[in-house]
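A structural walkthrough
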Amino acid sequence: MRILNGLLCVLAAFFLAGCVTVPSEVLVPNQVGLAQAIVALDPAVAPEEAARVAQISYSYSLQLREEYNVTDGPLLHNAKVNQGLRPRGLCWQWADDLEARLWQEDLKTLTLHRAIANHDNIRIEHSTVVISAKGDSMAEGIVLDSWRYGGRLYWSEVVEDNRYNWEERAKVFALKKARQ
């Protein structure tokens, strides 16, 4: 009985975490700020490419919000996807779809990366897209997270994202394979 109660408390905490209030700075799109942050990554970054990435990241995230029929916080939406009540909307699906859309732009001065957080702890694993200047590492880039606020784009420098400790997806996959 104690174990069941503990499990129910953990599940309730996860669902309540999905009802997090969206910060006001996320509710108001800041495409110009994102484009400026991308340009600031390196002098070789083309401003028009940065502007395109910023515009697509915001607009496509909102488009996916509609396509995924997001009406709840991310964790509750995840539960609905896992129960077959929603078509898509797990974090890795947001990241896959945004990454695929950005690849269509044939970026010349920017590089796309994939990142995963929480693969090695009790918190829910999370995937995202990171953009960096061409040739730079993922750690030098900017997180483009569509899932965190249900289609309202969150972005920050990787090192400034206090909520997640991002690691390269390939590294995480290699660690998981080695454990098997």
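Residues numbered from 1 in each chain as written. Predicted model: local features only at pLDDT ≥ 70, side-chain atom pairs only at ≥ 80, totals over all residues. Heavy atoms only, no water.

**Side note on the pattern of salt bridges**
Cut-off, in case you're wondering: What makes a salt bridge here is a side-chain nitrogen of Lys or Arg within 4 Å of a carboxyl oxygen of Asp or Glu, nothing more. Numbering of helices and strands runs from the N terminus; a helix is a DSSP stretch of H or I covering at least four residues, while a strand is a stretch of E covering at least two. Only protein chains enter the area calculation, which uses a 1.4 Å probe; residues under 20% of their type maximum are buried, those over 50% are exposed, and those in between are partly exposed.
Tallying each qualifying case throughout the model produces eleven salt bridges. When the shortest N-O distance is used, the salt bridge between Glu105 and Arg52 registers 2.6 Å. Of the two residues, Glu105 sits in the loop between α6 (91-103) and β1 (110-117) while Arg52 sits in helix α4 (residues 47-67), which places them 53 residues apart along the sequence. Linking Arg101 and Glu105 is a salt bridge whose minimum nitrogen-to-oxygen distance equals 2.8 Å. A residue is classified by how much of its surface remains accessible, and Arg101, at 21% relative accessible area, is partly exposed. Given the relative accessible area of 18%, Glu105 is considered buried.

**Some thoughts on the packing of helix α3 (residues 31-39) against α4**
How we decide: Axis lines are fitted to C-alpha atoms, over the contacting stretch for helices. Their N-to-C directions set the angle, which ranges from 0 to 180 degrees. Angles below 35 degrees are treated as roughly parallel, those above 145 as roughly antiparallel, those between 65 and 115 as roughly perpendicular, and all remaining angles as oblique. Each crossing is labelled by how the near helix is turned from the far one, with a counterclockwise turn of less than a right angle marking it left-handed and a clockwise turn marking it right-handed. Contacts are assigned to residue pairs with any non-hydrogen atoms lying within 4.5 Å of each other. Classification used: nonpolar for Ala, Val, Leu, Ile, Met, Phe, Trp, Tyr, Cys and Pro, charged for Asp, Glu, Lys and Arg, polar for all others including Gly.
One can describe the packing of α3 onto α4 by two numbers: an axis separation of 8 Å at closest approach and a directional angle of 135°. As the angle between them shows, α3 and α4 are arranged oblique. Both α3 and α4 take part in a crossing whose hand is right-handed. When α3 is examined against α4, the residues Gln31, Leu34, Ala35, Ile38 and Val39 are found in contact with a partner set consisting of Pro47, Ala50, Ala51, Val53, Ala54, Gln55, Ser57 and Tyr58. A per-class count over the contact of α3 with α4 returns ten nonpolar, three polar and no charged.

**Re the layout of surface pockets**
Worth spelling out the cut-off: Definitions used for this entry: grid spacing 1 Å over protein atoms alone; cavity, a set of points where a 1.4 Å probe fits but cannot get out; pocket, an open set with protein on both sides within 12 Å along at least 5 of 7 lines; lining residue, one with an atom within 4 Å of a point. Grid points are joined across faces, edges and corners, and a volume is the space filled by probe spheres set on the points.
Approximately 160 Å³ is the volume attributed to the second largest pocket. Around the second largest pocket, the lining residues are Pro23, Glu25, Val26, Asn30, Tyr58, Tyr149, Leu153, Tyr154 and Trp155. Within the residue set of the lining of the second largest pocket, elements represented by two or more residues are α2 (24-27) and β4 (154-157). Residues that form the lining of the second largest pocket fall into these classes: seven nonpolar, one polar and one charged.

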